Amino acid sequence: MPNVTKNPVNWFEIYVDDIERAKKFYSAVLNVTLTDTPMSDGGKMAFFPFAEEMNAANAGGALCQHPHVKPGHGGTMVYFDCEDCQVEQNRVEAAGGKVAAPKFQIGEYGFCAVCIDSEGNHFGLHSMK
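Residues numbered from 1 in each chain as written. Predicted model: local features only at pLDDT ≥ 70, side-chain atom pairs only at ≥ 80, totals over all residues. Heavy atoms only, no water.

1. Focus on helix 2 (residues 85-92)
Buried residues of helix 2: Cys85, Glu88, Gln89 and Val92, and no others. The buried residues of helix 2 occupy an angular sector of 105° when the element is viewed end-on, so they sit on one face. Buried residues belonging to helix 2 abut helix 1 (19-30), strand 6 (98-105), strand 7 (111-116) and strand 8 (122-127). (Buried < 20%, exposed > 50% of the residue type's maximum accessible area, 1.4 Å probe, protein only. Helix = DSSP H or I, 4+ residues; strand = E, 2+ residues; numbered from the N terminus. Arc of directions from axis to C-beta. Contact = heavy atoms within 4.5 Å.)

2. Digging into the nonpolar core
In terms of nonpolar packing, the biggest core is built from 23 residues, with Ile14, Tyr26, Phe48, Leu63, Phe80, Phe123 and Leu125 touching the most fellow members. Where this core is concerned, the elements lending two or more residues are strand 1 (11-15), helix 1, helix 2, strand 7 and strand 8. Considering each element in turn, this core owes the most residues, six residues, to helix 1. (Core = buried A, V, L, I, M, F, W, Y, C linked by side-chain atoms within 4.5 Å.)

3. A short note on the sheet that holds strand 4 (residues 60-65)
With respect to topology, four strands assemble into an open sheet ordered 1-4-3-2, the strand pairing being mixed. Of all the strands in the sheet, just strand 1 and strand 2 (35-38) have a single pairing partner and so form its edges. Strand-to-strand twist of the sheet, defined as the mean angle between neighbouring strand axes without regard to direction, takes the value 30°. (Pairing = 2+ DSSP bridges. Axes fitted to C-alpha atoms, helices over the stretch in contact; angles between N-to-C directions.)

4. Here's the deal with helix 1
In this model helix 1 runs 16 Å from its N-terminal to its C-terminal C-alpha over twelve residues, within 8% of the 16 Å that 1.5 Å per residue would give. The N-cap residue of helix 1 is Asp18: its side-chain oxygen and the backbone nitrogen of Glu20 are 3.2 Å apart. (Expected span 1.5 Å × (residues − 1). Polar contact = N/O pair within 3.5 Å; in protein donor to acceptor, adjacent residues only side chain to side chain.)

5. Some thoughts on unusual backbone geometry
The phi torsion at Asn31 lies on the positive side, around 60°, for a residue other than glycine. As for its placement among the helices and strands, Asn31 is situated in the loop between helix 1 and strand 2. The exposed category is assigned to Asn31, whose relative accessible area is 61%.

6. Some details on the environment of Ser27
Mapped onto the elements of the fold, Ser27 is located in helix 1. Accessibility expressed as a relative area gives 24% for Ser27, which makes it partly exposed. In sequence terms Ser27 and Phe48 are 21 residues apart; their C-alpha atoms lie 9.2 Å from each other. Residues within four places of Ser27 in sequence aside, it is in contact with Val32 and Leu34.

As structure tokens, this is what we get:
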């Protein structure tokens, strides 16, 4: 296994058809506020919260609505860190999504749930309990 001193993930984008609907969904499920950011080419982005320090232990990311990219099954799988992923999983359907695989154990690495957002994207929830 290579000697990694820093998490190599530093950015992610979740492609959406309706950014307002997707913002409402992720805000409801993750209990966060997303920040709108215009794109120079006419697309739209909404940033997830992140620590702005260069060496902070987190990855930044955004919802992205753009005519050149589309959401859907088979794209990038993003896992969101949770205290107990059951809590966020319980918010998914009320927010307009679906639970594809309810909370399950992944051995010593904790628990995951796999869900589908309001745009048809699969995403994961991860927690240690």
